[in-house]
Amino acid sequence: MTNTIYSRSMKIAILCIAAAAANYALNTLFVYVLKIPMYLDTVFTVAVSFKAGLLPGLFTALFTHIATGIRESSITPFVICSFAEVLLVCLLFPAVLQRQRPGENTERRIKPDERTIASQVSIFSRLLLLYIISCITISVLGGLIDFFHHSVLLNPKNYFSAEDTFKISLIRNELPTLAIDILSRIPVNIVDRFIVIFGGFVVFKVLNKIPALTKQHTKSPPAR
């Protein structure tokens, strides 16, 4: 039993570290190589949240933020947005985190093809809902953090981010700073949250095909 717990813990730890490294690489590729300043450093965080649940997702988000913070020589409170996204995945998509129990749905007289189609439609609907709520939540939360971190606490911003492009036109309309910080994130999050949520789910499905991550340990029956 102890060996089983230790083996599972090691697999999850390795998965979190590997996912954080993949987040870092993807973010570096888009921001520094392709010059596309999008927030794609949580694709694999979402995948880990689908695969392993809350704590592994939070650790992956933290490791990613530390890695990117070292690269940028700056640690910011925006990791809270990543934490919020993990919570949303675990709260709004519990069906993915729970394995189907043996014998479940056996009493339903539904053809296999119909059951598959219904399942796919249900998953897509849940992902779409998760995407919409994530867009709204991350935009509002990110705007609040930006406002208090840079405008209230007067911490200088020494880097360019995607929403800065949209802030220019909003400033011309003389909107309040907080409204500008929130509204400027919506166009960006509409695009990158779609990639993060649906891309993270695709990565999750790939992870499920890896034998080392899907092998189940079953208890042997007690000796009589």
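Look above for the structure.
A brief report on the enclosed structure follows.

Reading guide: rules and limits
- Residues numbered from 1 in each chain as written.
- Predicted model: local features only at pLDDT ≥ 70, side-chain atom pairs only at ≥ 80, totals over all residues.
- Heavy atoms only, no water.
- Salt bridge = Lys/Arg side-chain N within 4 Å of Asp/Glu carboxyl O.
- Helix = DSSP H or I, 4+ residues; strand = E, 2+ residues; numbered from the N terminus.
- Buried < 20%, exposed > 50% of the residue type's maximum accessible area, 1.4 Å probe, protein only.
- Phe/Tyr/Trp six-rings, centres within 6.5 Å; stacked < 30°, edge-to-face > 60°.

### Quick notes on the pattern of salt bridges
Within this structure, the stated rule accounts for ten salt bridges. The partner of D146 in a salt bridge is K167, with the nearest N and O atoms 2.9 Å apart. Taken as a pair, D146 in helix α6 (residues 112-152) and K167 in helix α7 (residues 164-172) lie far apart in primary sequence, 21 residues in all. Residue classification places D146 among the buried residues on the basis of a relative accessible area of 3%. With relative accessibility at 12%, the residue K167 sits in the buried group. For the salt bridge of R185 with D146, the shortest nitrogen-to-oxygen distance reads 3.1 Å. Here the residue R185 occupies a position in the loop between α8 (177-183) and α9 (186-207), and D146 occupies one in helix α6, the gap between them amounting to 39 residues. Among the residues examined, R185 registers a relative accessible area of 6% and is labelled buried. Within the structure, one salt-bridge network assembled from shared partners comprises D146, K157, E163, D164, K167, D181 and R185.

### Details of the packing of aromatic side chains
Throughout the structure, instances matching the rule amount to eleven aromatic pairs. Ring centres of F50 and F201 lie 5.5 Å apart, and the angle between their planes is 90°; this geometry places the pair in the edge-to-face category. One end of the pair, F50, is in helix α2 (residues 43-52); the other, F201, is in helix α9, with 151 residues separating them in the sequence. Both residues of the pair, F50 and F201, belong to the buried class. Ring plane angle 45° and centroid distance 5.6 Å describe the contact between F201 and F204, whose orientation is recorded as tilted. On the criterion of helical spacing, the pair formed by F201 and F204 is a turn pair, its members being three residues apart in helix α9. Each member of the aromatic cluster is reached from another via a ring pair, and the members are F50, F93, F201 and F204.

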